[in-house]
Amino acid sequence: MEKIAFFDAKPYDRVWFDKLNRDFEIRYFESKLRPESVQLAEGCRAVCAFVNDDIGSATVNSLAKLGVEIIAMRCAGYNNVSLEAASGKMKVVRVPAYSPYSVAEHAMGMILMLNRKLHKAYIRTRDFNFSLNGLVGFDMHGKTAGVIGTGKIGRAFIDICRGFGMNVIANDPYPDTGSGINYVTSEELFRQSDIISLHCPLTNDTHHIINERSLSLMKPESLLVNTSRGSLIDSEALLAALNEKRIGGAALDVYEEETDLFYNDNSTKIVTDEVLSLLVSRPNVLITSHQAYLTREALQSIAATTLESLGDFFSGKPLKYEIKRS
Ligand code: NAI
């Protein structure tokens with residue numbers, strides 16, 4: 001049986017992989033895949049990795065030396081993989097689509113919570129504090145949602161916004177003409193939106209797409225939600241904009257320095273990330289731990305597609321979900 005080294009394994013990852021796997025011996029490791037942990041993959045021709053693994057050239061080269069022939073990313077984004085280093089040495093596959101609804105619904109959930117201050121209300125009423133002071137939100141109906149990136153998740157999010165009676169505008173370098181989406185320039189989007197949701201991948205072009213300048217264009221009561229990748233936002237610039245009340249609030253499922261924090265219980269540790277500590281302390285900031293994808297349907301689909309790709313690889317079939325250096 002082929003052996004798969006499965007990194008950054010959490011109990012909820014194992015459920016569907018264990019249920020659906022028939023063909024492989026999966027070796028689950030809690031450790032993230034990074035240069036220091038590569039050795040765990042010894043004896044495996046395949047590794048399965050996730051969003052915060054460090055799969056830069058050092059890791060890829062060490063994997064190649066161990067005889068690893070394929071990296072199966074059990075996620076959509078692959079900004080943490082050096083495709084240059086992998087090229088010619090090993091295949092890289094991903095799960096391009098599992099449940100766009102999981103992420104889009106989480107984005108809207110975060111906005112509703114932030115707008116209507118449900119995170120505050122929940123804590124208050126548990127303490128029999130039934131005061132409404134400070135909990136005023138705004139109607140979503142009739143407001144403008146600005147969507148950056150109109151791929152699978154962006155479009156699912158647009159549908160939800162339309163269901164709320166919102167006016168939707170969007171920005172994407174590859175507009176889906178014929179979709180009925182109202183595309184505008186990024187500057188127009190920042191100026192006109194009441195909520196802004198990020199659904200583009202992290203690339204050199206999108207790194208810090210939310211920066212001091214874009215924040216300066218936003219409406220003072222606008223809400224920003226990021227369920228895509230942390231480095232789309234310059235976190236220090238965001239903190240400054242929040243401090244100066246230049247935007248109304250932020251909902252972050254991802255954070256640019258999340259790698260060593262997210263997915264882990266750090267509650268008994270001293271977290272030295274000052275920017276994150278200040279963001280967490282703000283009443284108008286909501287943070288979840290890269291959880292937007294976490295639905296049963298998404299986990300099942302991730303496991304099924306990843307196992308299918310590995311099956312195809314080991315039986316010499318073409319790889320439907322291969323990613324290559326562009
Ligand atoms: P997709 O590939 O279907 O769509 C991405 C869209 O972004 C495309 O339409 C593309 O043209 C557009 N885009 C590219 N560069 C852009 C730019 N400079 N400005 C505006 N738009 C740009 O991807 P999908 O499935 O919709 O996923 C989007 C992102 O969501 C992923 O790249 C990933 O980072 C993130 N994600 C987050 C998850 C979470 O749990 N928080 C789970 C799954 C994905």
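Everything quoted here is computed from the prediction, not taken from an experiment.

### Examining the sheet that holds strand 1 (residues 2-6)
And then number 1: The five strands are arranged 2-1-3-4-5 in an open sheet whose pairing can be described as parallel. Across the chains shown, the open sheet's two edge strands, defined by having one partner strand only, are strand 2 (24-28) and strand 5 (91-93). With direction set aside, neighbouring strand axes in the sheet form an average angle of 20 degrees.
And then number 2: On the sheet, helix 1 (residues 11-20) packs against strand 1, strand 2 and strand 3 (46-49) and is oriented at approximately 170 degrees with respect to strand 2.

### Topic: the pairing of strand 4 (residues 70-73)
And then number 1: In strand 4, alternate side chains face the same way, and those of Ile-70 and Ala-72 on one face and Ile-71 and Met-73 on the other are all buried.
And then number 2: Sheet analysis places strand 3 next to strand 4, joined by four bridges and oriented parallel. Paired with Cys-48 across the bridge in strand 4 is Ala-72.
And then number 3: Each parallel crossover has a hand, and the one from strand 3 via helix 2 (residues 57-66) to strand 4 is right-handed.
And then number 4: Sheet analysis places strand 4 next to strand 5, joined by three bridges and oriented parallel.

### With respect to the layout of surface pockets
And then number 1: Of the volumes computed, that of the largest pocket is approximately 1,500 Å³.
And then number 2: Surrounding the largest pocket, 49 residues form its lining, Tyr-78, Cys-200, Pro-201, Leu-202 and Thr-203 being those nearest its centre.
And then number 3: Mapped by element, the contributors of at least two residues to the lining of the largest pocket are helix 3 (83-86), helix 4 (100-116) and helix 6 (152-163).
And then number 4: Ranked by residue count, the leading element in the lining of the largest pocket is helix 6, at three residues.
And then number 5: Tallied by class, the residues present in the lining of the largest pocket amount to 22 nonpolar, 18 polar and nine charged.
And then number 6: When its volume is computed, the second largest pocket comes out at roughly 420 Å³.

What counts and what doesn't
Residues numbered from 1 in each chain as written. Predicted model: local features only at pLDDT ≥ 70, side-chain atom pairs only at ≥ 80, totals over all residues. Heavy atoms only, no water. Pairing = 2+ DSSP bridges. Helix = DSSP H or I, 4+ residues; strand = E, 2+ residues; numbered from the N terminus. Axes fitted to C-alpha atoms, helices over the stretch in contact; angles between N-to-C directions. Contact = heavy atoms within 4.5 Å. Buried < 20%, exposed > 50% of the residue type's maximum accessible area, 1.4 Å probe, protein only. Right-handed = clockwise from strand over helix to strand, strands pointing away. 1 Å grid on protein atoms, 1.4 Å probe; cavity = no way out; pocket = protein on both sides within 12 Å on 5 of 7 lines; lining within 4 Å. Points joined across faces, edges and corners; volume = space filled by probe spheres on them. Nonpolar A, V, L, I, M, F, W, Y, C, P; charged D, E, K, R; others polar.

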